[in-house]
2 protein chains.
Amino acid sequence: MKKSGKKNRPAKGGNSDGRARATQNPTIHEVSRLAGVSHMTVSRVIRGLDVVLPETRERVTKAIEDLGYVPDRAAGGLSSRRTGFIALMLPTLTNANFSAVAHGLTEALRPADYHLLITYTGYSLAEEERQLRNLLARRPEAIVLTGTMHSRAALKMLYAADAPVIEVAEMVRQPIGFAVGFSNYEAGRTAARYLIDKGFHRIGAIASTNDGDLVDHRGDERMRGFADELRISGRPTEFVLRQGKPPVSFDHGTAIAPLLLEKKIDAVFAVSDLSAVGVVMECHRRGVKVPGDLSILGFGDFEIGREMCPRLTTIHVDFHALGEATGRVILGLLTGKDEASPTIVDVGLRIIERESVGEPK
Amino acid sequence: MKKSGKKNRPAKGGNSDGRARATQNPTIHEVSRLAGVSHMTVSRVIRGLDVVLPETRERVTKAIEDLGYVPDRAAGGLSSRRTGFIALMLPTLTNANFSAVAHGLTEALRPADYHLLITYTGYSLAEEERQLRNLLARRPEAIVLTGTMHSRAALKMLYAADAPVIEVAEMVRQPIGFAVGFSNYEAGRTAARYLIDKGFHRIGAIASTNDGDLVDHRGDERMRGFADELRISGRPTEFVLRQGKPPVSFDHGTAIAPLLLEKKIDAVFAVSDLSAVGVVMECHRRGVKVPGDLSILGFGDFEIGREMCPRLTTIHVDFHALGEATGRVILGLLTGKDEASPTIVDVGLRIIERESVGEPK
DNA sequence: GTGAAAGCGCTAACAT
DNA sequence: ATGTTAGCGCTTTCAC
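Predicted model only: the values in this text are computed from it and were never measured. (Residues numbered from 1 in each chain as written. Chains lettered and ligands numbered in written order. Predicted model: local features only at pLDDT ≥ 70, side-chain atom pairs only at ≥ 80, totals over all residues.)

Caption draft 1: Region of the structure containing unusual backbone geometry. Between Cys309(A) and Pro310(A) the backbone carries a cis peptide bond, its omega angle lying at 0°. Within the element layout of this structure, Pro310(A) appears in the loop between helix H12 (303-307) and strand E10 (313-316). Although it is not a glycine, Tyr123(A) adopts a positive phi angle of roughly 65°. Tracing the backbone shows Tyr123(A) in the loop between strand E2 (115-120) and helix H6 (125-136). In the Ramachandran plot, Thr148(B) falls in the positive-phi region, its phi being about 80° despite a non-glycine side chain. Relative to the assigned elements, Thr148(B) resides in the loop between strand E3 (142-146) and helix H7 (152-160). Taking the number of C-beta atoms within 10 Å as the measure of exposure, Thr148(B) has 21 and is therefore buried. (Helix = DSSP H or I, 4+ residues; strand = E, 2+ residues; numbered from the N terminus. Buried ≥ 20, exposed ≤ 12 C-beta atoms within 10 Å, placed from the backbone.)

This is the structure in structure tokens:
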């Protein structure tokens, strides 16, 4: 079993002429020959069609085992017109909430034997467009991507696509096809409402800016909701601060903290927990008390916020459930039992009160 | 352009009978008809073979545009025997270092138009085996997975696979095919050496246990190296603590911290920064000074460790570079210019000294 | 219950 | 420079 230390593994794959080829996978024909049946019977066994006589099935199964045969799904898909691919485009995989979406979707899809084709756009619309084109070449049976903002060309492809489109992580009002998410705008308003009701006066918010092609549209929506609620309550919006480009992380908060302090803000809503944590860290360093001197409300309920000190008050959205709900919509569409898959699913959100928001002085 | 709010998008995809079908993508033949050439000429244009007369190419390109034609790669692959898939199996996508591997690999592969087929095993060998089987059905041109520990059946498939196998994130001595990683064992020894040289006496370590099928083999190796170095230096290994199952996160550290304190350990190596951060947080809460009362050395150099207070001393491995190096090995193998892709690549590691390790009392 | 024929949408290998 | 033929490894459809 053990292979001696030859450099190029000449026995299997990756042979010296470059192209991976070599041993060649066995085909359905070789299996059928070994089992003494036609390739069609093998095909039936593979697909679990129970028309096959038990003893025939057994012979075929054995031949499959002996040969180590693995059916080629590309060939099968070409013929059946079902590729078994679900395309998933997310801004980044580094964000725990987006990877939770991927996890949830994977789990919901697991029983149905679909394969997730995951890509990340890095918050770039141009990249989204480029990847969409690539993805389309794989003929996905459904396309999942983060909602609302797309390039013209991407939009065109999406509308023309031969597969249902599900926009996630934002409560799209006029979805291309379907939407599973929550309202980022409402999240922003909820955040502002909460801070206002607490009685704070110098209320601010922090988020990234949009740097040309790089946009965090969902973060924008939260900021828009936040500012609107401030306005509605007759509060100034001058403390809604934007800095740096997406994705935001700890260093975003660290970098923007001095500005917060300088402006004597007493409560701030961070576009992401990650940024919020950065602010807390910087406050620690400068001897500024949280929440004594500055109250901080995050978004996303990242694990770190539950463990840090003070524990972070934040807005929670169940992204894992969002992924699962997306999977259920897809299954409904593709398995087609239930006629009416819901066009729009709102998974909601809620504030989790912990320690980083206190009382106004 | 805007579609009215019909529930089931009957126009495109996801039609009422379930199966996604509908408008049907145009084929190479329809393009060729529209352009007034044979389908082969279209094929040549698609693949950028520059034998085609510029004016012919232009006609074809226009037809492609007009029809919104996207070539079906499954069909092309079936014929050319090049699927353009690279399989990537990682324990989890939630871990920033593993997603860095995915990012690095993606970037290295970007120019070559490969598609990453990413799956995560949740540290389960059984799941790895299951997924490998699924992946194989897609005929990947290369298989990337975390090294060393595989089930018997998985091993068999890997050896029989018609594609080069690259084991990553561990310095595999006898790789199935290729290996790109670093020595987790050496990381453990380095950690112990560092703490010993600092002059600490009650030196401990924390990691997860292996819970049946769930194993963090790389973490194990770090612990093994750590304990070995302790032994070599004549130190007791009684403070090498194992608790909980993988994956390890903040709460692992939080939960194990009391034990650390109880045993009056003065310096500890955490199998992961995440766990280390949990310990720091719990110490904060209990008024235990870090590094005054307890020094902590992490592993993985996660972003949070750079931002927290005190900043975490840790062992850094460039996982992004690891992913890129993996991509280069693959490209070398598949593009096959250079005869000899290296069988084993060591990306190394280094200690980053920050604030969480102090001086012995 | 099983098999034969005819593709699925492309590309390889030859013509021309 | 372009076209023709013959598959790639499966599933569909229709016989038997």
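Caption draft 2: Local environment of helix H9 (residues 217-232) of chain B. All names here are of chain B. For H9, with 16 residues, the first-to-last C-alpha span of 22 Å sits near the 22 Å given by 1.5 Å per residue. The complete set of buried residues in H9 reads His217, Arg218, Gly219, Asp220, Glu221, Arg222, Met223, Gly225, Phe226, Glu229 and Leu230. Those residues of H9 that are buried are in contact with helix H8 (184-198), strand E6 (203-207), strand E7 (240-242), strand E8 (267-270) and strand E9 (295-299). Phi turns positive one or two residues past the end of H9, at Gly234, with a value near 70°. (Expected span 1.5 Å × (residues − 1). Contact = placed C-beta atoms within 7 Å.)

Caption draft 3: Structural view of the sheet that holds E7(B). Residue and element names in this part refer to chain B. Strand order in the open sheet formed by six strands is E7-E6-E8-E9-E10-E12, with mixed pairing between adjacent strands. Two strands lie at the open edges of the sheet, namely E7 and strand E12 (350-352), each paired on one side alone. Strand after strand, the sheet turns through a mean of 20° between neighbouring axes, direction not considered. Bridge count between E6 and E8: four bridges; the pairing is parallel. Each bridged residue has a counterpart across the sheet, and for Ile203 the counterpart in E8 is Ala267. Each of E6, E7, E8 and E9 is contacted by H9, which is oriented at about 165° to E6, the strand it contacts most. (Pairing = 2+ DSSP bridges. Axes fitted to C-alpha atoms, helices over the stretch in contact; angles between N-to-C directions.)

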